[in-house]
Amino acid sequence: MNQSQTQNRRILLASRPTGWPTTDNFKHVTEAVPEPGPKEVLVRALWLSVDPYMRGRMSAAKSYAKPVEIGEVMTGGMVGQVVKSNHKAFAPGEIVEGSLGWQDYAVADAALLRKIDPRLAPIQTAVGILGMPGMTAYFATLEVCQPKAGDTVLVSGAAGAVGQIVGQIAKINGCRAVGIAGGDDKLAYIQRELGFDAVINYKTSNDLSKAVAAACPNGVDVYFDNVGGAVSEAVFNNLAFKARIVICGQISQYNIDKPDLGPRNLRYMLVNRARMEGFLVWDWRDRYPEALRRMAGWIKEGKIKYSEHVTEGLEKTPDAFIAMLKGANLGKALVKVADPA
Ligand code: NAP
Ligand code: FER
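Scope of this entry: the structure provided in the associated data block. Note that the structure is predicted; figures quoted are calculated from it, not measured.

## Examining the site of ligand 2
Phase 1: Within the structure, ligand 2 sits among Tyr53, Ser63, Tyr64, Ala65, Met132, Tyr254, Leu280, Val281 and Trp282.
Phase 2: Ser63 places a side-chain nitrogen or oxygen 2.8 Å from an oxygen atom of ligand 2.
Phase 3: Here an oxygen atom of ligand 2 sits 3.0 Å away from a polar atom, N or O, in the main chain of Tyr64.
Phase 4: In isolation ligand 2 exposes 370 Å². Once the protein is present, 71% of that is buried.
Phase 5: Of the residues assigned to the shell around ligand 2, the class counts are eight nonpolar, one polar and no charged.
Phase 6: Both of domain 1 (3-128 + 307-336) and domain 2 (132-282) provide at least three residues apiece to the shell around ligand 2.

Below is the structure:
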């Protein structure tokens, strides 16, 4: 065995951030590769996912899931390869996905692993379009917002892992897709490559509310909110009658010390008899298989495309995570750790 197969590099939470996380909030350690117990599987990381929800797990604030403790390995989705298996459902060499953390090797409860078919799509899509972000786009758009043909569907965070898919699901359903994001390169990609009908740069727009009105002349029927804050306030000014809003994320609020004041114009919810609903992807777990089948079909038919933003090297995971929060990524932010054996 070479050294990389006997040593396990792990990235632990070292301290809780106030405001923006920094690389100092993480500690890098090297330990022996663990042995799987009965019914357990040893997995080697090939890809790690970095996602906005991890910012919440770094904080002790009460939430849906328990926080990562100081000194614990950072939580996160992994696509890996089975190295040893004490469970009959998994064999060495197979590709799996699970919440296995920022480390080279993880011992996993076989019941919490999903087997990935590498012939279906590139394996890293198991934490992207054919994983948690894809499931988010699918259920929050179709089930919560119920888009109808002809609706204007506006998505914030439009060039990210979730947002890029939302616009394309809207197009598949005969809607007009409008995206808001923070870079002209991102906007050019979603408009030219993904077929969004109109785009808005929230960072360079002088009057965001006017920009939304211009991009959505009949008002916003569906607002898929990934960011909150000032962007949402500009959208609320432009709601259509009976608008549906899904609160999927509020990333503009994740790294601020003192909470912002809320949107000041909820009056437009009243005027338009709009509906707003919070969404958590894990509530839809039982229906992932059906969504995965349909999404895989759309990818195969060329109806859904996606982009990825890849950082190389496990040790770069904290940098990749912080860069994603700051908007460096076009599409799904990923860390490539190793090639399959
Ligand atoms: P992502 O969009 O791929 O990456 C995050 C993006 O957020 C950045 O690229 C950046 O793009 C944007 N951003 C950062 N700060 C911002 C600010 N102050 N205002 C506006 N945009 C800002 O991430 P993702 O994985 O697809 O997640 C998107 C959102 O969905 C997040 O809010 C996340 O928490 C949420 N989410 C929720 C669920 C759920 O179950 N509820 C599941 C998955 C994701 P720009 O260049 O455009 O600024
Ligand atoms: C996310 C943001 C928040 C997300 C989950 C949450 C799955 C959950 C928050 C909580 O548990 O309080 O992007 O993605």
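Having seen the model, we can carry on.
## Examining the packing of aromatic side chains
Phase 1: Scanning the entire structure with this criterion turns up 10 aromatic pairs.
Phase 2: Seen from their ring centres, Phe26 and Trp102 are 5.2 Å apart, and the 35° between their planes marks the pair as tilted. On the criterion of sequence distance, the pair formed by Phe26 in strand β2 (residues 26-32) and Trp102 in the loop between β5 (95-99) and β6 (105-109) is long-range, its members being 76 residues apart. The pair formed by Phe26 and Trp102 is uniform in burial state, with each residue classed as buried.
Phase 3: When the ring of Phe26 is compared with that of Phe321, the centres are 6.4 Å apart and the planes differ by 90°; the resulting orientation is edge-to-face. A residue pair is termed long-range when its members are at least 10 positions apart, and Phe26 in strand β2 and Phe321 in helix α10 (residues 317-326) qualify at 295 residues. Both residues of the pair, Phe26 and Phe321, count as buried.
Phase 4: One aromatic cluster is present, formed by Tyr138, Phe139, Phe279, Trp284 and Trp298 through successive ring pairs.
Phase 5: Across from the ring centre of Phe90, 5.3 Å away, lies the NZ or CZ of Lys115, which sits over that ring.
Phase 6: In this arrangement the basic side chain of Lys326 is found over the ring face of Trp20, its NZ or CZ atom lying 5.2 Å from the centre.

## What about the site of ligand 1?
Phase 1: Looking at ligand 1, there are 26 residues lining it, with Lys186, Tyr202, Tyr254, Val281 and Asn329 nearest.
Phase 2: At 2.9 Å from a nitrogen atom of ligand 1 is found a main-chain nitrogen or oxygen belonging to Cys248.
Phase 3: In the environment of ligand 1, an oxygen atom lies 2.7 Å from a nitrogen or oxygen atom belonging to the backbone of Val281.
Phase 4: In the complex, 90% of the free accessible area of ligand 1, which totals 910 Å², lies under the protein chains.
Phase 5: In the shell around ligand 1, the residues fall into 15 nonpolar, 10 polar and one charged.
Phase 6: The two domains that each donate at least three residues to the shell around ligand 1 are domain 1 (3-128 + 307-336) and domain 2 (132-282).

## Brief notes about the nonpolar core
Phase 1: Judged by nonpolar contacts, the single largest core of 41 residues is most densely connected at Leu48, Met74, Trp102, Leu113 and Phe321.
Phase 2: Top element by residues in this core is strand β3 (residues 40-49). It accounts for six residues.
Phase 3: Membership of the second largest hydrophobic core comes to 40 residues, among which are Met135, Ile169, Cys175 and Phe279.

## Re the sheet that holds strand β9 (residues 176-181)
Phase 1: With parallel pairing, six strands are arranged side by side in an open sheet as β10-β9-β8-β11-β12-β13. Two strands lie at the open edges of the sheet, namely β10 (198-201) and β13 (275-278), each paired on one side alone. Pairwise comparison of adjacent strand axes, ignoring direction, gives a mean angle of 15° for this sheet.
Phase 2: As judged from the three bridges shared by strand β8 (residues 152-156) and strand β11 (residues 220-225), these two strands associate in the parallel manner. The partner of Leu154 across the bridge, within β11, is Tyr223.
Phase 3: Lying on the sheet, helix α5 (residues 184-192) is in contact with β9 and β10; it crosses β10 at an angle near 170°.
Phase 4: Of the strands in this sheet, β8, β9, β11, β12 (239-247) and β13 are in contact with helix α7 (residues 229-236), which crosses β11 at around 170°.

## Things to note about the pairing of β11
Phase 1: Among the six residues that make up β11, six are buried, leaving the element largely enclosed by the rest of the structure.
Phase 2: Relative to β12, β11 is paired through five bridges, and the arrangement is parallel. Residue pairing for β12: Tyr223 is matched across the bridge by Ile245.
Phase 3: Following the backbone out of β11, through α7 and into the adjacent parallel β12, one traces a crossover that is right-handed.

## Quick look at the pairing of β5
Successive side chains on a regular strand alternate, one facing one side of the sheet and the next facing the other.
Phase 1: Taken across its five residues, β5 has four buried, putting it largely inside the fold.
Phase 2: One ladder, built from five bridges, connects strand β4 (residues 77-85) with β5; its direction is antiparallel. Bridge assignment links Gly77 to a residue of β5, and that residue is Ser99.
Phase 3: In this sheet, strand β7 (residues 114-116) lies alongside β5 in antiparallel orientation, the contact comprising three bridges. Looking at the pairing, Ile95 lines up with Ile116 of β7.

The rules behind the values
Residues numbered from 1 in each chain as written. Chains lettered and ligands numbered in written order. Predicted model: local features only at pLDDT ≥ 70, side-chain atom pairs only at ≥ 80, totals over all residues. Heavy atoms only, no water. Near = heavy atom within 4 Å. Polar contact = N/O pair within 3.5 Å; in protein donor to acceptor, adjacent residues only side chain to side chain. Areas by Shrake-Rupley, 256 points an atom, 1.4 Å probe, with all protein chains shown as cover. Nonpolar A, V, L, I, M, F, W, Y, C, P; charged D, E, K, R; others polar. Domains from an automatic or database assignment. Phe/Tyr/Trp six-rings, centres within 6.5 Å; stacked < 30°, edge-to-face > 60°. Helix = DSSP H or I, 4+ residues; strand = E, 2+ residues; numbered from the N terminus. Buried < 20%, exposed > 50% of the residue type's maximum accessible area, 1.4 Å probe, protein only. Lys NZ or Arg CZ within 6 Å of the ring centre and 35° of its normal. Core = buried A, V, L, I, M, F, W, Y, C linked by side-chain atoms within 4.5 Å. Pairing = 2+ DSSP bridges. Axes fitted to C-alpha atoms, helices over the stretch in contact; angles between N-to-C directions. Contact = heavy atoms within 4.5 Å. Right-handed = clockwise from strand over helix to strand, strands pointing away.

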